[in-house]
Amino acid sequence: MSTDDESMYTTVDEEDRQLLEETEFDAELGAEMARDAQRVAADELSEVEFYRRYHDRILEEFDVDDREIAIPDPDEVDADDVNAVDRVEEAFGGIGEALRDVGGDDAESRRSVMKKGAAAAALGLSGLGTAGATTGGNGTAGAGGDDGEGTRWGMTINLNNCDGCLACMVACNQEHNLSRGANWMYVFSFEDEGQGDETNFLPRTCQHCTDSPCTKVCPVGARHTREEDGLVLTDYDICIGCRYCEVSCPYGVNYFQWGEPDVPESEVDDDHQIDDRGRWVGSRPPEGVMGKCTFCVDRQDGQMGEDLIGTTACEEACAMNAIHFGDLNDPESDPNQHLAEYRDGQENDTSTYPNRKGHTVSTFKLMEERGTEPNVQFIGNEPSPHAEQVEGPVAYEDVGLVDDRKEVLDRGAAANGGEEA
Amino acid sequence: MSVDVTGVDRDTLVRPIKTFSNRYVAALAVALGLIGVWLFFYSQQLRNGLIVTNLADWGSGGGVPWGLYIGAFIWWVGIAHGGIILSAAVRLLGMDTYQPVARLAELLTIAALTCAGIFILIHVGRPDRLVTSVLPAWPTRVQWSPLMWDVTVITAYFVLTATYLALTIRYDVNRLRDRLPNRLEPLYAALTVGYTETEDEVVERMVWWIAFAIIIMAPLLLHGGVIPWLFSLLPSMAGWHGGVQGPSFLSIALTSAVSGIIIIAAAFRHAYGWEELIPRAVFQGLAKWLGFFSLIFLWLQLQQVITGIFAAPTTLQHATEVKISTPLYWVAIGLVVLAMLYAFATALRPDLFDIRALVGISVGVLIGTLTEKVLFVVEGLQHAHFALYDGVPGQYVPSPVEISAVLGTVGIVVLFFLVVSKVIPVVELHAIEEHEEVDA
Amino acid sequence: MTALVPLTGLLAAVAASVAGLAPAPTAAVPGAVPLSAEYTLPFVGPGTYLIFGIVLAPVYAMVAAWFIGDPSDRFAGLLGVGYLAGLTTVLWGSLFVATIIIGTVFF
């Protein structure tokens, strides 16, 4: 079953790329498709309908054989096909769309305008819809050219380099306009058994798991994995705030926006909030929905400039070279390179014991036994079950952060919600 | 322990509809008062957001994201099971003793499930989106989300129970029509649309099948299935894991359910002088069921404690140790132990039996089961597998806003019974008249 | 024996997807990890089997029995189905109205 699914991903990705390379197609057809692609992005037109509408004309325009694979006949799409979701939505979509439109506030209508803009901007790459590889994918994954699986954003965090300065947290909070105590990045300072009073550090982002429990349990599909690059995101327009994702996450990275965010909507740029599919997934969450680290989705979509694709705010702020972000599918990417170099620097003695591995570097993924397949790997020693959190060298208050969000919330509760949180 | 109440006349049956007392007005005022208090607090929550509760975030935030609201949700669904136990006992197993309280139990199911739904509505951060997000997502998300299974099965449970009531009521309304108030004529006409006496036999068979469907679906697959799975399927919290959660949840549900029926039945018996209609033997029987379910409840708690402390994995051991060192847990257990001892004692020495004492015991059981449920949710969240967060443990004490919701939903159930008992007979005609004796 | 093959295949698939143990042979190879697990695809989740195959099975049996078997009656059966459909609509419809009111007043 899984092999079939993967081949389907591959097919769609490759064919999209082929389509993008074929730039000299009929201009009229192009213009029409561009217009309808915008409608697809704005959810006015289903992907299946989009395929159906242009299937024949594309057959004329391009190599017939290629297109046969590229554009699945909607009537023949099998149940395992990624596009089957559209068929379901087509069947129920009328009601769904009507329902979602009900009670839409001003912000949402502004956002739907934004969606169309975003779609137009991304047309050249992702106009064909959600299954296509997009901006980030071409920049980084193409360079590796190793596997053709597309981008899978992830991190290598070298705990041996971290000194607990909290600069990553500060940078993250500023870039994403987080409310006090809502820390997307969180740095644990801890002491462990058998290590005396030596303080260890563990910076914790969202692990952007490949098999993320939060995505599984979300009742409304607001929490989802972005197909193009594996980011685990929350659609703030759909989330009902049931907090099931938070309850299911073994890492405790989710939080609920209990009151009005500290930074109001008017001060947050749409560039940071709307991703390349036109969905509201970036920056701090509005009141009543879930928030967590997005791996700086705005950066990965090129909204902060091409240079910042493949970087995160925490990585940029880290002066200790502890955080390495990049495409885990690309052997040349920063996280893979750093790990390789670090291993090279700590060679094992294989002259006496030839069967030992080539290095002495310990790596781990947080609670891998939970089956979540995290996309963050750590260099260093995993905290034991007896590890205990201690005060770090830099106090949260000193850098303007709040460690215990409950205090902020309690104040808000006491003030009857008058205070922001 | 067969009980014959066939001597009771039809006027007794419709007494709640025919009478109107000051006590009724007082009960109405209390119910509306409770609902009013809750609505006052709830409007604050809507205005300011869920920040007015004492909920917070597990993890670095320090606190619990699920609390009394979710505990009370599970509790109400548990109470709702009373309807199906009684109806199943009467219809599937032929235990006619409980026929006089069967419809009261079914009505309790409807009311309790409504309250459970209200807790979901007030628990979410964006209640305005509940329908608009859930319905469009249903076809795809029911494939995966246990919460969506939950929504699906509770909807099915509610609809099946309401259909059961709607079908069985036709017989009674048609025959008691001359004793029912005229101003509600359009309602009765709608309820009995297309009624002919030839349908009685058919409908009797149909409701047998509904009872059959619900007895498999509701206790085993809802409260012993989908609801415990909300917790036990997750990879995050040690105290929630394990196959024992299904049976354990079910035992708590059944214990609460019998308590709920005892209280409602005793209230109607007292208010309308129904000593003949709901005889003492019904309560003695219910007391035995309460004792039996309490025993199962306690046995399953023992299972969890012993497997959690003997040589359990670190995180489960920790969660269990915390659980058994929480005084409130022992209060909950104690209340259920008390119920079990009382039930068994009165079975051995019937002269010790007293309906008022049984009602008191039942109220205690309901407090105990609510406490156990809230502790299960909250303590589960405070002791995750990922133990590093213990550096910032958050305490959780339900806020007045949250507590008011429990009172408000109790008010809703009281109001529901006050209103419904003025409209339809809350005891089936079958209870006092053998099927074949009835003629229009 | 051969007749059992599809059945055991289905059971294995259900068991694997429920337990989250679906074979992922490529996961061990670096660089070939799929972007997301299979569950993002429709009609393959455990809920499909669990809800429609197991939990609702008694309801299917019930509705079938309303129309088949003795005594049964077409009108009564349709009345029952009408109640099921109507009450579901009333339930979600009234919840919809409630959320609309909350939405307009508070959001």
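Residues numbered from 1 in each chain as written. Chains lettered and ligands numbered in written order. Predicted model: local features only at pLDDT ≥ 70, side-chain atom pairs only at ≥ 80, totals over all residues. Heavy atoms only, no water.

Visitor: Got a minute to help me understand the overall build of chain A in this structure?
Guide: In terms of helices and strands, chain A carries 16 helices and eleven strands. Looking at chain A residue by residue over its 421 residues, the buried ones come to 56%. Long-range contacts, defined as pairs at least 24 residues apart, comprise 65% of the intrachain contacts of chain A with a sequence gap of at least 6. For chain A, the computed accessible surface area is about 17000 Å², with 46% contributed by carbon and sulfur atoms. (Helix = DSSP H or I, 4+ residues; strand = E, 2+ residues; numbered from the N terminus. Buried < 20%, exposed > 50% of the residue type's maximum accessible area, 1.4 Å probe, protein only. Contact = heavy atoms within 4.5 Å. Areas by Shrake-Rupley, 256 points an atom, 1.4 Å probe, with all protein chains shown as cover.)

Visitor: What's the story with the overall build of chain C in this structure? I'm lost.
Guide: In terms of helices and strands, chain C carries four helices and zero strands. Element order for chain C, N to C, with α for helix and β for strand: α-α-α-α. Counting the 107 residues in chain C, one finds 35% classified as buried. Of the roughly 5600 Å² that chain C leaves accessible, carbon and sulfur atoms contribute 79%.

Visitor: Please explain the interface of chain B and chain A as it appears in this structure.
Guide: When the parts come together, some accessible area is lost, and that loss is often what is quoted as the size of the interface. Taken together, the 57 residues of chain B in the interface contact 64 residues of chain A. Taken together, the two surfaces of chain B and chain A that pack against each other cover about 5000 Å², and 61% of this comes from carbon and sulfur. Put simply, chain B and chain A have one salt bridge between them. Our enumeration of links across chain B and chain A arrives at 28 residue pairs in polar contact (both at pLDDT 80 or more). Sorting the residues of the side of chain B that touches chain A by element identifies α3 (22–48), α6 (130–141), α7 (146–176) and α9 (199–232) of chain B as the ones contributing at least two each. In terms of residue count, α6 of chain B provides more of the side of chain B that touches chain A than any other element does, eleven residues in total. By residue class, the composition of the side of chain B that touches chain A is 32 nonpolar, 21 polar and four charged. (Buried area = accessible area lost by both parts, 1.4 Å probe. Salt bridge = Lys/Arg side-chain N within 4 Å of Asp/Glu carboxyl O. Polar contact = N/O pair within 3.5 Å; in protein donor to acceptor, adjacent residues only side chain to side chain. Nonpolar A, V, L, I, M, F, W, Y, C, P; charged D, E, K, R; others polar.)

Visitor: Please explain a nonpolar patch on the surface as it appears in this structure.
Guide: Residue and element names in this part refer to chain B. Among the surface-exposed residues, W289, F292, L295 and F344 lie close enough to one another that they form a single nonpolar patch of about 350 Å² accessible area. Ranked by residue count, the leading element in the nonpolar patch is helix α11 (residues 280–309), at three residues. Mapping L295 onto the fold places it in helix α11. (Patch = residues over 30% accessible without salt bridge, like charges linked within 9 Å, V, L, I, M, F, W, Y side chains within 5 Å.)

Visitor: I would appreciate a short explanation of the sheet that holds strand β11 (residues 388–389) of chain A in the present structure.
Guide: Two strands in a sheet stick together by hydrogen bonds in their backbones, pointing the same way (parallel) or opposite ways (antiparallel). All names here are of chain A. Reading across from one edge, β3-β2-β11 is the order of the three strands in this open sheet, with antiparallel pairing throughout. Two strands close off the open sheet at either side, each with one partner strand: β3 (200–204) and β11. Where strand β2 (residues 186–191) meets β3, five bridges bridge the pair, whose relative direction is antiparallel. Residue S189 lies in a different strand from β3, and its bridge partner there is F201. (Pairing = 2+ DSSP bridges.)

Visitor: For this particular structure, what's the right way to read the sheet that holds strand β8 (residues 323–327) of chain A?
Guide: Residue and element names in this part refer to chain A. With mixed pairing, four strands are arranged side by side in an open sheet as β8-β1-β10-β9. Two strands bound the open sheet, and with one partner strand each, they are β8 and β9 (363–364). Pairing of strand β1 (residues 153–158) with strand β10 (residues 376–379), which is carried by four bridges, proceeds in the parallel orientation. For I157, the partnering residue across the bridge sits in β10 and is F378.

Visitor: Looking at this structure, I do not really get the UniProt feature "transmembrane region" (unreviewed entry) in chain C. What am I missing?
Guide: Residues and elements named next belong to chain C. According to UniProt, the feature "transmembrane region" (unreviewed entry) maps to residues 47–69 and 81–106 in the numbering used here. What you have in residues 47–69 is 87% helix and 0% strand, and the ends, taken at the C-alpha atoms, are 31 Å apart. For residues 81–106, helix accounts for 100% and strand for 0%, while the C-alpha atoms at its two ends are 37 Å apart. (UniProt positions renumbered as here; feature names shortened; annotations may be inferred.)

Visitor: How do you make sense of the nonpolar core when you look at a structure like this?
Guide: Nonpolar side chains in soluble globular proteins tend to end up buried together. Among the nonpolar cores identified, the biggest contains 233 residues, and L202 of chain A together with F231 of chain B are the most heavily contacted of them. By residue number, the principal contributor to this core is α7 of chain B, which donates 19 residues. Residues in contact with F231 of chain B, not counting those within four places in the same chain, are Y244 of chain A together with W66, I70, I74, W240, F249, F376 and V377 of chain B. I252, F297, V305 and M340 of chain B belong to the second largest nonpolar core, which has nine residues in total. (Core = buried A, V, L, I, M, F, W, Y, C linked by side-chain atoms within 4.5 Å.)

Visitor: Sorry, what's going on with the environment of F107 of chain C here?
Guide: In this fold, F107 of chain C is placed in the segment after α4 (74–106). Owing to a relative accessible area of 35%, F107 of chain C belongs among the partly exposed residues under this scheme. In the structure, F107 of chain C is positioned 38 residues away from G69 of chain C in sequence and 53 Å away in space, judged by C-alpha atoms. When neighbours within four sequence positions are excluded, F107 of chain C is seen to be in contact with L46, G125, R126, P127 and D128 of chain B together with I102 of chain C.

Visitor: Would you take a moment to explain the pairing of β10 of chain A for this structure?
Guide: When a strand is regular, its side chains alternate between the sheet's two faces. All names here are of chain A. The alternating pattern of β10 places V376 and F378 and Q377 and I379 on opposite faces, both of which are buried. With two bridges joining them, β9 and β10 adopt antiparallel strand pairing. Opposite F364, over in β10, you have F378 as the bridge partner.

Visitor: Please explain the packing of aromatic side chains as it appears in this structure.
Guide: For the coordinates displayed, the defined rule picks out 38 aromatic pairs over all chains. Ring geometry for F268 of chain B versus F417 of chain B: centroids 6.0 Å apart, planes at 65°, classification edge-to-face. Of this pair, F268 of chain B sits in helix α10 (residues 245–271) while F417 of chain B sits in helix α15 (residues 400–420); the two residues are 149 residues apart in sequence, bridging distant segments of the chain. No difference in accessibility class separates F268 of chain B from F417 of chain B, as the two residues are buried. Where F292 of chain B meets F293 of chain B, the ring centres are 5.8 Å apart and the plane angle is 50°; that geometry is what we call tilted. The structure contains a cluster of three or more aromatic residues connected by ring pairs, namely Y186, F188 and Y396 of chain A together with W58, F386 and Y389 of chain B. Directly above the aromatic system of F249 of chain B lies the positively charged group of K373 of chain B, at a separation of 3.6 Å from the ring centroid. One cation-aromatic arrangement involves K422 of chain B over Y24 of chain B; the distance from NZ or CZ to the ring centre is 4.4 Å. (Phe/Tyr/Trp six-rings, centres within 6.5 Å; stacked < 30°, edge-to-face > 60°. Lys NZ or Arg CZ within 6 Å of the ring centre and 35° of its normal.)

Visitor: For this particular structure, what's the right way to read unusual backbone geometry?
Guide: Working note: non-glycine residues mostly have negative phi, and peptide bonds are mostly trans. Cis peptide bonds are those with omega within 30 degrees of zero, and the linkage from D70 of chain C to P71 of chain C qualifies with -5°. Tracing the chain through its elements places P71 of chain C in the loop between α3 (57–67) and α4. Phi is positive for L166 of chain A, which is not a glycine, with a value near 70°. Here L166 of chain A is to be found in the loop between β1 and α9 (167–175). One non-glycine residue, N321 of chain A, lies in positive phi territory at about 60°.

Visitor: When you look at the environment of G78 of chain B in this model, what are you seeing that I'm missing?
Guide: Residue and element names in this part refer to chain B. Within the fold, G78 resides in helix α4 (residues 68–91). Taking the relative accessible area as the measure of exposure, G78 reaches 1% and is therefore buried. Sequence separation between G78 and A253 is 175 residues, and the spatial gap between their C-alpha atoms is 3.8 Å. In contact with G78, other than residues within four places in its own chain, are H223, A253, S256 and A257.

Visitor: What am I meant to see in the side chain of R175 of chain B here?
Guide: Of note, R175 of chain B is situated in helix α7. Polar side-chain contacts of R175 of chain B include one of 2.8 Å to the side chain of Y195 of chain B.

Visitor: When you look at the pairing of β1 of chain A in this model, what are you seeing that I'm missing?
Guide: Burial within β1 of chain A is extensive, with six of its six residues counted as buried. Because side chains alternate across β1 of chain A, one face comprises the buried residues W153, M155 and I157 of chain A, and the other comprises G154, T156 and N158 of chain A, equally buried.

Visitor: Quick question: what am I supposed to make of the packing of α9 of chain B against α10 of chain B here?
Guide: Between two packed helices, both the angle of their axes relative to each other and the distance between the axes serve to describe the pair. Residue and element names in this part refer to chain B. At a minimum axis distance of 8 Å, the contact between α9 and α10 shows a crossing angle of 120°. As the angle between them shows, α9 and α10 are arranged oblique. Along this stretch, α9 crosses α10, giving a crossing that reads as right-handed. Contact with α9, carried on its side by P219, L220, H223, G224, I227, P228, F231 and S232, involves Q245, G246, F249, L250 and A253 of α10 and no other residues of that element. Across the contact of α9 with α10, the residue classes tally to eight nonpolar, five polar and no charged. (Axes fitted to C-alpha atoms, helices over the stretch in contact; angles between N-to-C directions. Parallel < 35°, antiparallel > 145°, perpendicular 65-115°, else oblique. Left-handed = near helix turned anticlockwise from the far one by under 90°.)

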